[in-house]
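Summary of the model geometry
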Amino acid sequence: MKKYLFLWFKVTTQLTQIAFASRLGVVLFTLGKIIRFVLFLVFLLLLVSRTKSLAGYGLWQVMMFFLTFNFIDIISQFLWRDVYRFRSYIVSGNFDMILTKPISPLLRSLFGGSDILDLITLFPLTGFMIYAVGHLDHVSITQIVLYIVLVLNGLIIAMSLHILVLALGVITTEVDNAIWLFRELTQLGRLPLRIYPRPVGLVFTFILPVAALITIPTEALLGVLSVEGVIIAFVFSGGFLWLSLRAWRGALKRYASASS
C-alpha cells in the first residue's frame, strides 16, 4: 500500500507543478467551475422560489441533491483523473510498459495521479453543504451517518464505472466518449428523480446507477429513504464492482499490445 501511495503522491506532485506552470490557466479553470456552479444554483433558486416546491421537496432539500451530485463528481474526478488519460496510454503503447511493472495495472490506471485543481472547489462546497444541512428540518445524527455511508457507497459505484471505462478502453481504445456519457448520466441526478416520468425513474433506479449514486444518499439525509432503497444502493455497489472487475480481467486477456 505504501508503494502505491508513494507512486500516487509522486505523480500528483508532478501534475500539480505542470498545472500551476500557467497561473492564468488555473484562474480560468477555477473561475469556470465556480461560474457553472453558481449559474445552476441561481437556476434552482428561481425554479423553486416560483413553484414553492419541486416534486414535493423544498428549496434546501432540492439544494442537497445538487450539492451531493457536485461532491461526488469532484471526488470522482480527483481520484480517477488518470482514467481521462488512459486512451493515450493504449494508443501510444505506454500501457505495455505499465503491464511489465511490479504494480497492479488496474490500480496504476485508476490512481495514476490526480489533478489538485479538482479539489480547489471541494472545500467551499463542503462548507456550503454543512450550511445547507443546518437549514433542513429534523436531521438526526443517524441520518447524517447513513448519508455519509451511502455517499461512500456511491463512490464505490463511481469507481466501478471508471473500471468499466478502462476495460472498454483496453478493448476498443474508446475512453473519452464513455467517460463523458457516464458524467452526463450522473448529471440527471442533480434534481430529484421524482421529477421524471415513472418509467424513466425506474430505469435510473434499477438499471442505471443514478439513484444509488446521488438520490438515495440524499433521501437518507432527508429522512425519506426506505429500507428497500438502502438495499438497492448496496446491491448496486456490490454488483457493479464485481461486474467491473470481471470486465477488466476479461479485457486484459484480449489485449494484444500496441506492437501486435
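Described below are features of the structure shown in this document. (Residues numbered from 1 in each chain as written. Predicted model: local features only at pLDDT ≥ 70, side-chain atom pairs only at ≥ 80, totals over all residues. Heavy atoms only, no water.)

1. Section: helix H11 (residues 210-222)
- Under the 1.5 Å per step criterion, the end-to-end length of H11 is 18 Å for 13 residues, consistent within 8% with the ideal 18 Å.
- At Ile216, H11 is deflected by roughly 30 degrees, the largest bend along its length, and proline Pro217 occurs up to four residues later in sequence.
- Gly223 occupies a position one or two residues after H11 and carries a positive phi of about 80 degrees. (Helix = DSSP H or I, 4+ residues; strand = E, 2+ residues; numbered from the N terminus. Expected span 1.5 Å × (residues − 1). Bend = angle between axes of the 7 residues up to and from the residue.)

2. With respect to empty space enclosed by the protein
- Taken as a whole, this structure holds one cavity of 30 Å³ or more when the rule is applied.
- Its volume calculated, the largest cavity comes out at about 70 Å³.
- Taken together, Phe69, Ile72, Asp73, Ser76, Ala158, Phe182, Thr186, Leu213 and Ile214 make up the lining of the largest cavity.
- Of the residues contributing to the lining of the largest cavity, the split by class is six nonpolar, two polar and one charged. (1 Å grid on protein atoms, 1.4 Å probe; cavity = no way out; pocket = protein on both sides within 12 Å on 5 of 7 lines; lining within 4 Å. Points joined across faces, edges and corners; volume = space filled by probe spheres on them. Nonpolar A, V, L, I, M, F, W, Y, C, P; charged D, E, K, R; others polar.)

3. Structural notes on the environment of Ile157
- Within the secondary structure layout, Ile157 lies in helix H8 (residues 141-172).
- Expressed as a C-alpha distance, the spacing of Ile157 and Asp118, which sit 39 residues apart in the sequence, is 20 Å.
- Those residues within four positions of Ile157 in sequence are excluded, and the remaining contacts are Pro209, Ala212, Leu213, Ala233, Phe236 and Ser237. (Contact = heavy atoms within 4.5 Å.)

4. Focus on the nonpolar core
- Counting 73 residues, the largest nonpolar core has Leu67, Phe86 and Phe95 as its most contacted members.
- Broken down by element, this core gets its largest block of residues, 13 residues, from H8.
- Aside from chain neighbours lying at most four places away, what touches Phe95 is Phe86, Tyr89, Ile90, Pro105, Ser109, Val170, Trp248, Leu252 and Tyr255. (Core = buried A, V, L, I, M, F, W, Y, C linked by side-chain atoms within 4.5 Å. Buried < 20%, exposed > 50% of the residue type's maximum accessible area, 1.4 Å probe, protein only.)

5. Topic: the side chain of Thr68
- Looking at where Thr68 falls in the secondary structure, it is placed in helix H3 (residues 59-79).
- Reaching out from Thr68, the side chain makes a polar contact with the backbone oxygen of Met64 at a distance of 2.7 Å.
- Not counting chain neighbours up to four residues away, the residues in contact with Thr68 comprise Tyr147, Val151, Ile214 and Thr218. (Polar contact = N/O pair within 3.5 Å; in protein donor to acceptor, adjacent residues only side chain to side chain.)

6. Details of the packing of H3 against H11
- Contact geometry for H3 and H11: axes closest at 9 Å, N-to-C directions at 135 degrees. Relative to H11, H3 is oriented oblique. You can see that H3 and H11 cross each other, and the crossing is right-handed. Contacts between H3 and H11 involve Gln61, Met64, Phe65, Thr68, Phe69 and Ile72 from the first element and Leu213, Ile214, Thr215, Thr218, Glu219, Leu221 and Leu222 from the second.
- Classifying every residue of the contact of H3 with H11 by side-chain character gives eight nonpolar, four polar and one charged. (Axes fitted to C-alpha atoms, helices over the stretch in contact; angles between N-to-C directions. Parallel < 35°, antiparallel > 145°, perpendicular 65-115°, else oblique. Left-handed = near helix turned anticlockwise from the far one by under 90°.)

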